[in-house]
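# Analysis of the macromolecular model
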Amino acid sequence: MNEANQIPISRRKFFNKLSIFLITLSSIFVGLPFIGFLFIPLFRRVNRTWRSVGDVSQFKVGTTVRVEYEDPTPLPWAGVTAKTAAWLRRDSELVFIAFSIDCTHLGCPVRWLPEANLFMCPCHG
């Protein structure tokens, strides 16, 4: 094309195109980590670790007891916080059911009330 026939780009168009390019670039830089944060857990394999909480004979059928164990994935600096617990109920000779010691809603520590035969959350009653 002949240089005489070229129309120079206006200053306004240049800055419009530049701002669109910069907004797109910054959106990619901000968006990629966010998308990774959302989707990486779907592809991450969870290693399941079994923890011994005691001999089977020490748990009576029909009772619920608190068992303590060490968190399978503690951080090196976790210290005492690496120790956790769960409620363990023995329903029959072969069936055990484990319950979290924390409320799934707010994370409050849940108690087992044997006389009422129920779990009690201090946050929810």
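Above this note sits the structure.
Treat the numbers as computed from the prediction; the structure is a model and nothing was measured.

### With respect to the overall build of the protein chain
Helices and strands together make up the secondary structure of the protein chain, namely one helix and five strands. Relative to the 2.2 N^0.38 estimate, which gives 14 Å for 125 residues, the radius of gyration of the protein chain is 29 Å and therefore markedly larger than a compact globule would have. Reported as C-alpha extents along the three principal axes, the dimensions of the protein chain are approximately 95 × 30 × 30 Å. Sorting the 125 residues of the protein chain into buried and exposed places 14% on the buried side. Carbon and sulfur atoms provide 62% of the accessible area of the protein chain, an area that totals close to 11000 Å². Taking the 14 positively charged and 9 negatively charged side chains of the protein chain as two groups, their mean positions are separated by 14 Å.

### Some thoughts on the sheet that holds strand β3 (residues 96–100)
Spatial strand order, β1-β2-β3: three strands in an open sheet with antiparallel pairing. Here the strands that pair on one side only, and so sit at the sheet edges, are β1 (64–70) and β3. Strand-to-strand twist across the sheet, computed as the mean angle between neighbouring axes with direction ignored, equals 35 degrees. As paired strands, β1 and strand β2 (residues 83–90) are joined by seven bridges and run antiparallel to one another. In the strand pairing of β2, Tyr 69 is matched with Thr 84.

### Thoughts on the pattern of salt bridges
Side-chain pairs of opposite charge can arise where the charged atoms are in close proximity. Taken as a whole and judged by the stated rule, the model has two salt bridges. A salt bridge links Glu 68 to Arg 66; its shortest N-O distance comes to 3.6 Å. Ionic pairing is found between Arg 90 and Glu 93, a salt bridge with its closest N-O pair at 3.3 Å.

### Details of the layout of surface pockets
Roughly 410 Å³ of internal volume is contained in the largest pocket. Lining the largest pocket are 17 residues, with Trp 50, Arg 51, Val 53, Leu 88 and Ala 98 sitting closest to its centre. Mapped onto the lining of the largest pocket, the elements with two or more residues apiece are β1, β2 and β3. The element that contributes the greatest number of residues to the lining of the largest pocket is β3, accounting for five residues. Tallied by class, residues from the lining of the largest pocket come to 13 nonpolar, three polar and one charged.

### Topic: the pairing of β2
Bridge count for β2 against β3 is five bridges, and the pairing is antiparallel. Bridge pairing in β3 links Arg 89 to Ile 97. Between β2 and the antiparallel strand that follows it, β3, lie five residues.

Cut-offs applied
- Residues numbered from 1 in each chain as written.
- Predicted model: local features only at pLDDT ≥ 70, side-chain atom pairs only at ≥ 80, totals over all residues.
- Heavy atoms only, no water.
- Helix = DSSP H or I, 4+ residues; strand = E, 2+ residues; numbered from the N terminus.
- Rg over C-alpha atoms; globule rule 2.2 N^0.38 Å.
- Buried < 20%, exposed > 50% of the residue type's maximum accessible area, 1.4 Å probe, protein only.
- Areas by Shrake-Rupley, 256 points an atom, 1.4 Å probe, with all protein chains shown as cover.
- Lys, Arg positive; Asp, Glu negative; His and termini not counted.
- Charge placed at Lys NZ, Arg CZ, Asp CG, Glu CD.
- Pairing = 2+ DSSP bridges.
- Axes fitted to C-alpha atoms, helices over the stretch in contact; angles between N-to-C directions.
- Salt bridge = Lys/Arg side-chain N within 4 Å of Asp/Glu carboxyl O.
- 1 Å grid on protein atoms, 1.4 Å probe; cavity = no way out; pocket = protein on both sides within 12 Å on 5 of 7 lines; lining within 4 Å.
- Points joined across faces, edges and corners; volume = space filled by probe spheres on them.
- Nonpolar A, V, L, I, M, F, W, Y, C, P; charged D, E, K, R; others polar.

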